[in-house]
Amino acid sequence: MGKLKKMNLLLVMLVAIVLAACGGNEGGEEGAEGESTSSGEAKTIKLAHSGSESHQYHIAAENFKEVLENKEGTNFTVEIHPNASLGSEGDAIEQVISGSLEMTTVAADSNLSNTIPEMNAFGIPYIFDDKDHVYSALDGEAGENLLSLADDKGMKGLGYWEVGFRHLTNNSTEVTVPEDVEGMKIRVQPATVWEEHMRALGANPTPVDFNELYSALDQGVVDGQENPLPTIDSMKFYEVQDYLSLTGHTYTPAVVLMSNSFYEGLSEEEATAVEEAVVEARDYQRQTLDEKEEEILTKLEDEGVIITEPDREAFREATADVKEAVSDEVPEEIVQSLIDSKE
């Protein structure tokens, strides 16, 4: 081969290499406009919760997974671990703090209040009038301020999903006034506010982990419990409880938490995708649960549960001092900010 031909061949090869390099940049980490696009292996988020596959937690978690995994420009895989398969809510919180678990959703006023005492605010009776009041508080400044308290605990508070307004069930008698609860062993979440709440009603507060509650009711370890209608339905508590009293005494949000170490490793685009997916799942879950509540009441009646409308004002008066009992953990301004959030 002549010298000229060799030089032409080398020139052609060099041009091909340059064009391949330029072409390889399309769809890479940064395009011509400087926009970040997804590349590399998917980032895996393990999301653990204590509910069943039909629980409120799972409804939101599945929607979050669907939304996030289909977000353009990011590459995530979400693994959902229901039924406390990775441990209780307290265990999940510890794992998120340590970084061994990427994400969880837990009741605000249960184990989480042992890490963030101010979350006891959600266990104070009758501070919310209805769901519109709740959503105004959670989606506004009051809710954001409470979420931010997770930052100093090794966690990122991403938002609130729904557990719901809580009602009382038992296996002994119809409950229409506080006196009907006196002497009953009522399961409570492991938080100060709940012990004070039940004592105010004359009941014996008995802490039981959520994943052990069905067995505790079935075996008579406790006489009753309190939870929202979707929880009573999804966890099949109606199988071991004969009476439901629609006390609506508190509203429990499900706080969505991510490990700080994982969150801080996300790009700005990835963090935005996660936060948007949490909000989309929140809205989907709220609508789904709202549509289900009347169906659940009908189902419980068909299952033989006796449903009563109690004297809520009597319950409100009986529990009026609970707020003072937890004032050291929940400053008055926090409680008032939730109350004042009503539109």
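Residues numbered from 1 in each chain as written. Predicted model: local features only at pLDDT ≥ 70, side-chain atom pairs only at ≥ 80, totals over all residues. Heavy atoms only, no water.

### Observations regarding the environment of Asn260
For Asn260, the location among the structural elements is in helix H10 (residues 260-263). The class for Asn260 is buried, based on a relative accessible area of 14%. In this structure, the C-alpha to C-alpha distance between Asn260 and Ala150, residues 110 residues apart in sequence, is 9.4 Å. Filtering out sequence-adjacent residues up to four positions away, Asn260 remains in contact with Asp151, Gly154, Met155 and Lys156. (Helix = DSSP H or I, 4+ residues; strand = E, 2+ residues; numbered from the N terminus. Buried < 20%, exposed > 50% of the residue type's maximum accessible area, 1.4 Å probe, protein only. Contact = heavy atoms within 4.5 Å.)

### A closer look at a negative patch on the surface
Together, Asp218, Glu239, Glu301, Asp302 and Glu303 line one region of the surface with negative charge. Its place among the elements puts Asp302 in helix H11 (residues 268-302). Owing to a relative accessible area of 64%, Asp302 belongs among the exposed residues under this scheme. (Patch = residues over 30% accessible without salt bridge, like charges linked within 9 Å, V, L, I, M, F, W, Y side chains within 5 Å. Areas by Shrake-Rupley, 256 points an atom, 1.4 Å probe, with all protein chains shown as cover. Salt bridge = Lys/Arg side-chain N within 4 Å of Asp/Glu carboxyl O. Lys, Arg positive; Asp, Glu negative; His and termini not counted. Charge placed at Lys NZ, Arg CZ, Asp CG, Glu CD.)

### Some points on helix H14 (residues 332-339)
Count 3.6 residues to each turn of an α-helix, and residues three or four apart come out pointing the same way. Taken as a whole, H14 has its buried residues at Ile334, Val335 and Leu338. What you see down the axis of H14 is that its buried residues fit within an arc of 95°, all on one side. Looking at the buried side of H14, the elements it contacts are helix H5 (131-138), helix H6 (141-147) and helix H13 (322-325). (Arc of directions from axis to C-beta.)

### Some thoughts on the pairing of strand S10 (residues 251-259)
Across the nine residues of S10, nine count as buried, placing the element largely inside the fold. Along S10, one buried face is formed by Tyr251, Pro253, Val255, Leu257 and Ser259 and the opposite face, lined by Thr252, Ala254, Val256 and Met258, is buried too. When strand S3 (residues 103-107) meets S10, the two strands line up antiparallel, connected through five bridges. Directly across from Met103, in S10, lies its bridge partner Met258. (Pairing = 2+ DSSP bridges.)

### Overview of empty space enclosed by the protein
Going through the model one piece at a time under the given rule, you end up with four cavities of 30 Å³ or more. Of the pockets and cavities examined, the largest cavity occupies roughly 160 Å³. The residue makeup of the lining of the largest cavity, split by class, is five nonpolar, nine polar and four charged. Taken as a whole, the second largest cavity spans an internal volume of roughly 60 Å³. Contributing to the lining of the second largest cavity are Tyr126, Leu168, His197, Met198, Leu201, Thr247, His249, Phe315 and Thr319. In the lining of the second largest cavity, the residues fall into five nonpolar, four polar and no charged. (1 Å grid on protein atoms, 1.4 Å probe; cavity = no way out; pocket = protein on both sides within 12 Å on 5 of 7 lines; lining within 4 Å. Points joined across faces, edges and corners; volume = space filled by probe spheres on them. Nonpolar A, V, L, I, M, F, W, Y, C, P; charged D, E, K, R; others polar.)

### Thoughts on the side chain of Arg282
Take Arg282: it is sitting in helix H11. At a separation of 2.9 Å, a polar atom in the side chain of Arg282 contacts the side chain of Asp283. (Polar contact = N/O pair within 3.5 Å; in protein donor to acceptor, adjacent residues only side chain to side chain.)

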